[in-house]
Amino acid sequence: MIKRLLIANRGEIAVRVINTCKKMGITTIAVYSDADRNAKHTQLAHEAYSIGASEASASYLDNNKIINLAKKVSADAIHPGYGFLSENTDFVRQCEDNDIIFIGPRKDVVHQMGSKIESKHIALACDVPTVPGYFGEDQHPNTLKREAKKIGTPLLIKASAGGGGRGIRIVRDLSTFSEALELATKEALTAFGDASVLLERYIEEPRHLEVQVLGDLHGNIVHLFERECSIQRNHQKVIEEAPANFLDDGTRQQLFHYALRLANHIQYSSTGTVEFIVDNNTGDVFFLEMNTRLQVEHPVTENITGLDLVEWQIRIASGTTLPFSQKDITTSGWSIEARVAAENPAESYRPEIGHLTFYREPSGTGIRIDSGVQQHSEISPFYDSMIAKVIATGDNRAIATQRLICALDDFLLAGVSNNIQFLKDLLSLPAFSEAALTTSYLTQQFPQGWQAPNHSRIDMLALLTVAYLKQQLNNESIKHSTQPSPWHSLEAWRITGNTNIHSQSQLIFQDVTGEQITVSYQLRNNSYLISIVESTLRVTNVTHTDDTIRAEVDGKLLCFRTSFRQNKITIATNTTAHTYLHLSQREALASNSTTQLSGEGRVKAAMPGSIEGVKVAVGDKVKKGDIVVIMEAMKMVQSLASSVDGTISKVHYQPGDTVEAHAVLVEIEEI
Ligand code: ADP
């Protein structure tokens, strides 16, 4: 039996595995990168060991480091979680070579299913239909182009080693095929170390349905029913549920049949997921891929079957024979999971980083939270943006949905922009219950993109100003120091002749894009008159604690979270966080003069990341829309284009450089 288990992962899945191990009396050994020294999983495990720098390649993805550590601390087994090393054949082999149990299937199965190309050949060999396309070894661009013509448009280019929705490109017009192929192979090589791609017919508006399987080392394999994961953004799952709604029994049985046929064919032994897409128009079922690990969405299956999948993974790896057969497994109720991510759904789901200034998870009947963060966690740019999963279960779908919406409503999370409001909105639409879901759900329901509720920026700035002033006064009275409060330090800024502190003064804030906002304020009879641009607002009845400001703005009660770190001030609703810098007049003048240098002709990094390619050199002529830089940020490859016609005047970075959010990468002199 396994006594000491090392978890080669982080975040919610590491915490999830630790919880089951504790229940089973297994000693848990966490590993952590520099960025995760104070992370939740590091704190919860019995033992925790540093494995290096924050970049995943230097820590969580470093096979040798993890294997050496496992030997040093006498771990009998390694649980890889999902992502990172979970589908890395070399790692599974290294575990075997060192007599460490890998919690997952055999290495040959990991290898076969890790390649989308090879797995499709295996599926076809056992009569499981796949999406029509090209899965050949010949990867010459001319061959691929010829095959693309045969398949016709729309088609998909997919990285064979891809995962997590990355490395997928849709081609709707064959004239753009070569360019898309270049980007896809580049992305495949960077992200997965393997440039091979496959081509597939693009099915419009399919459903994503998948079957959980469980096999032991003695040839017994069962399925644990289906999950629906059709609500996706950027080919990545957002909402998952079990069972699937509006699924006829014939199709359901077909899915189980194909999943078991494939799992038996490869003698699968662990938890695994066979993914399918189902053409909503024809009802055709196609095998997509098999994931040889635990899935993010495994809790919904656990909730309807009552089985702990991590416990079964561990038991199977220890040699236990499945004590139940297919007919013993039943389901009850309905379970829906929502992925809470530090991202901005109003800005193409851009990942966000920051400090969780306030964090309180919901609870209640039927609510389960699997999370990897806690109050004051840092959301860094190094890993996936998912921070928690809210899973709601009830007797039926309507109850589960309502519980999920309520739980999201009670989830208090400030300091980092996140998708909680977006999740609530998409679950509350009639379309969520009226018909079968498809992968086009989000684009159909939010054709212009999802818009955040309109919290007036002016209101937020007014309260930010008041919070800042209160904080300064507070600091002064606590410290009794000589540090001047803004009431005094800003004397030079008074724009009335009056020298008492009720006169009008100004503060300058700079937002993350470099834009400066001048706010004038006056304190009169316990109320503040705040002027921003053209508006003047009266702020009254202010209560300001360390992390919250509550006040009436022109008679309307508003409440925001605030935090002060160095000279940065963050003001946040439950879903949106805005960070500003307070600038002195001198700083404001200095910063303004650099901003004006190049205006629109600057290509900036939208988020922290690394430069993958620079497509231009000084002196090159570019047109608006031309790609100038390719960067990788939050594990996504982004092509950054010029927004003007002009000549390249400066190139600030080279491939391999890491850049901060909003860094200017290339400057273009407009023609
Ligand atoms: P990954 O391993 O990155 O998750 P998948 O092959 O599983 O990649 O595909 C991810 C998602 O992309 C699917 O769930 C589906 O929404 C979409 N997709 C993949 N293949 C097709 C296809 N041939 N037609 C339409 N959509 C597809």
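See above for the structure.
Conventions adopted
Numbering of residues starts from 1 in each chain and follows the order in which that chain's sequence is written. Per-residue local features are limited, in this predicted model, to residues with pLDDT of at least 70; the limit for side-chain atom pairs, both in listing and counting, is 80 or more; totals at the level of whole chains, interfaces and linings are taken over all residues. In computing side-chain properties, one takes all heavy atoms of the structure into account and sets aside hydrogens as well as water. Helix and strand assignments follow DSSP, with helices taken as H or I runs no shorter than four residues and strands as E runs no shorter than two, numbered in order from the N terminus. Burial classification: accessible surface area is computed with a 1.4 Å probe over protein chains only, and a residue below 20% of its type maximum counts as buried, one above 50% as exposed, and the rest as partly exposed. When checking whether two residues touch, look at their non-hydrogen atoms; a contact exists if any pair is within 4.5 Å. Nearness is defined per residue: one heavy atom within 4 Å of the molecule or strand is enough. The term polar contact refers here to a pair of N or O atoms within 3.5 Å; inside protein, the definition further demands a hydrogen-donor-capable atom paired with an acceptor-capable atom, and it admits residues adjacent in sequence only when both atoms are side-chain atoms. Reported accessibility uses the Shrake-Rupley method at a 1.4 Å probe radius. Residues are deemed covered only where the shown protein chains occlude them. Salt bridge, as used here, is a side-chain nitrogen of Lys or Arg placed within 4 Å of a carboxyl oxygen of Asp or Glu. A fitted line through C-alpha atoms represents every axis, and for helices the fit uses only the stretch in contact; the resulting angles, taken between N-to-C directions, go from 0 to 180 degrees. Handedness of a crossing is defined here by the sense of rotation of the near helix relative to the far one, left-handed for an anticlockwise turn of less than a right angle and right-handed for a clockwise turn. Any angle that falls under 35 degrees is termed roughly parallel, while one over 145 is termed roughly antiparallel, one within 65 to 115 roughly perpendicular, and all others oblique. Under the scheme applied here, ten amino acids are nonpolar (Ala, Val, Leu, Ile, Met, Phe, Trp, Tyr, Cys and Pro), four are charged (Asp, Glu, Lys and Arg), and all others, including Gly, are polar.

In this structure, Ala148 sits in helix 7 (residues 141–151). Take Ala148: its relative accessible area is 0%, and that puts it in the buried class. With 23 residues separating them in the primary sequence, Ala148 and Val171 have C-alpha atoms 9.4 Å apart. With sequence-adjacent residues up to four places away left out, Ala148 is seen in contact with Leu155, Leu174, Phe177 and Leu199.

Further remarks concern the site of the ligand. Lys116, Gly165, His208, Gln232 and Glu289 are the nearest of the 23 residues found near the ligand. Contacts to the ligand include Glu200, whose side-chain N or O atom sits 2.8 Å from a nitrogen atom. For the ligand, the accessible surface in isolation is 550 Å², of which the surrounding protein chains cover 96%. Secondary-structure elements contributing two or more residues to the shell around the ligand are strand 7 (155–159), strand 9 (197–201), strand 10 (206–215), strand 13 (271–279) and strand 14 (285–291).

Before going further, it helps to spend a moment on the pattern of salt bridges. Inspection of the entire model under this criterion finds 40 salt bridges. With a shortest N-O distance of 3.8 Å, Asp90 and Arg93 are connected by a salt bridge. With Asp90 and Arg93 both in helix 4 (residues 89–97) and three residues apart, the pair spans about one turn of that helix. On the basis of relative accessible area, Arg93 is assigned to the partly exposed category, the value being 34%. One salt bridge in this structure joins Glu147 and Lys150, with 3.1 Å as the shortest N-O distance. You can see Glu147 and its partner Lys150 sitting in helix 7, three residues apart, about one turn around the helix.

With that settled, consider the packing of helix 1 (residues 11–24) against helix 11 (residues 309–317). Running from amino to carboxyl end, helix 1 crosses helix 11 at an angle of 65°, the nearest separation of the two axes being 9 Å. Classified by chirality, the crossing of helix 11 by helix 1 is right-handed. Contacts between helix 1 and helix 11 involve Arg16, Val17, Thr20, Cys21, Lys23 and Met24 from the former and Leu309, Val310, Glu311, Ile314 and Arg315 from the latter.

So, on to the packing of helix 4 against helix 5 (residues 107–114). Helix 5 packs onto helix 4 with a crossing angle of 175° between their chain directions and a minimal axis gap of 9 Å. Considering their axes alone, helix 4 and helix 5 lie roughly antiparallel with respect to each other. Here helix 4 contributes Thr89, Val92, Arg93 and Glu96 to the contact with helix 5, which in turn contributes Lys107, Val110 and His111. A breakdown of the residues in the contact of helix 4 with helix 5 according to their chemical character gives two nonpolar, two polar and three charged.

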